[in-house]
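# Results of the structural survey
These are the residues of each chain, in order.
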Amino acid sequence: MPTAWSAACTTTAKGRGGSSARHVVVAGYAIETPRLLLNSACARHPHGLGNSSGLLGRNLMVHTNQAIWGRLAEEVRWYKGPPSMALCEHWNYEDRGKDFFGGYAFMSQGPLPAAWVASQTGNRGLWGQALVDAMQHYNHQVGLKIVGETLPQARNRVSLADERDLFGLPVARVTWSLCDNDRRLVAHALAFMRRGLDAIDACDIWAGSNNTAHLAGTARMGFDPADSVVDADCRSWDIGNLWICDGSVFPTVGGVNPSLTIQAVACRTADRIRELARRGEL
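Description of the structure in this document.

Cut-offs used in this document
Residue numbering note: each chain is counted from 1, following its sequence as written. Only residues with pLDDT of 70 or above have their local features reported here, since the model is predicted, and side-chain atom pairs are shown and tallied only from 80 upward, although totals for entire chains, interfaces and linings are computed over all residues. The side-chain quantities take in all heavy atoms of the structure and omit both hydrogens and water. Helix and strand assignments come from DSSP, with helices taken as H or I runs of at least 4 residues and strands as E runs of at least 2, each series counted from the N terminus. To sort residues, take the accessible area from a 1.4 Å probe on protein chains only and compare it with the maximum for the residue type: under 20% means buried, over 50% means exposed, and anything in between is partly exposed. Working rule for contacts: check all heavy atoms of both residues, and any pair within 4.5 Å makes them a contact. Residue-level accessible areas treat just the shown protein chains as cover; the underlying method is Shrake-Rupley with a 1.4 Å probe. By this rule the span expected of a helix is its residue count minus one, scaled by 1.5 Å. An arc is given here, and it is the one of the directions from the helix axis to the C-beta atoms. Side-chain atoms within 4.5 Å are what join buried Ala, Val, Leu, Ile, Met, Phe, Trp, Tyr and Cys residues into a set we call a nonpolar core.

### Considering the overall build of the chain
When helices and strands are tallied, the chain shows six helices and 13 strands. Across the 282 residues of the chain, 45% fall into the buried class. Considering only residue pairs separated by 6 or more positions, the chain has 72% of its internal contacts joining residues 24 or more positions apart. On the chain, roughly 14,100 Å² of surface is accessible, and the fraction owed to carbon and sulfur atoms is 55%.

Structure below.
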């Protein structure tokens, strides 16, 4: 879409080619959704659409995605098993033995050779003969990785940068860092997973400690327009014909992959729009 458009600054929402709609659903996810709405500021909404709370773009969350890797004496051929979906959610439900809030799932790993090469070069700095030597052990490797919860913080945010895209619109500026609680979760997970590899007599154990995955937040759902961007139906508090339906509406991110939750929220929002339309309330 070459220009930002608004469900509030015109009678009907205008899109590319002059087409219009009585209702608009934005589903650009945690970066592009706030970018679009911030870029759609107008006289009636000078700080961006749906941003009366000042929270549009704020509370950006990620999943921590750290891993522990090791090597066994016998062949494992990890690529033949589930690559990352044999998982355990113990630490999502157990609070004893924690020094942090929230939780994480941990899961098996079985990256294909190209992905494993990238991990060796990117995480360990191996090149040339050192990389060739490491790849000789590919069929003996084992690994565990987390999907860890991070806490929502207003300082972690998406805003507009000075740089512009090919359509002349400001691109997104992403500001994010771990808090102390997030760091304690990561340290706990790495220590716990290392114990697992120690228990099966793995050697050459090392950690990939800087990885993240899965974005969420920036247009959070809530019960009060003062501290959220959309209501429980994913409808903008400020603009009745604007809906946001993607992972940006998450108020918290949890310690599991978000795909099914995003799909469930989308189905629920679609059902709600259909029901309101059936009752003549849209």
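### A word on helix H6 (residues 259-278)
Taking 1.5 Å of rise per residue, the 20 residues of H6 would be expected to cover 28 Å, and the 29 Å separating its terminal C-alpha atoms lies within 8% of that figure. Listing the buried residues of H6 in full gives Val265, Thr269 and Leu276. Buried positions in H6, seen along its axis, are confined to an arc of 35° and lie on one side of it. Projecting away from the buried face of H6 at angles above 90 degrees are the exposed residues Leu260, Arg274 and Arg278.

### As for the nonpolar core
Counting 20 residues, the largest nonpolar core has Leu37, Leu56, Val229, Leu242, Ile244 and Val249 as its most contacted members. Of all the elements in the fold, those that place two or more residues in this core are strand E3 (24-26), helix H1 (29-39) and strand E13 (242-244). With residues up to four places along the chain from it excluded, the contact list for Leu37 reads Val26, Gly48, Leu49, Leu56, Leu242 and Ile244. Tyr104, Phe106, Leu190 and Ala202 belong to the second largest nonpolar core, which has 17 residues in total.

### Notes on unusual backbone geometry
Backbone geometry places Asn59, a non-glycine residue, at a positive phi of 65°. Of note, Asn59 is situated in the loop between H1 and strand E4 (61-64). Taking the relative accessible area as the measure of exposure, Asn59 reaches 7% and is therefore buried. Positive phi is not limited to glycine here, since Cys234 has a value of about 70°. If you trace the backbone, Cys234 turns up in the loop between strand E12 (212-216) and E13.

Any link to function would need more than the numbers given here.
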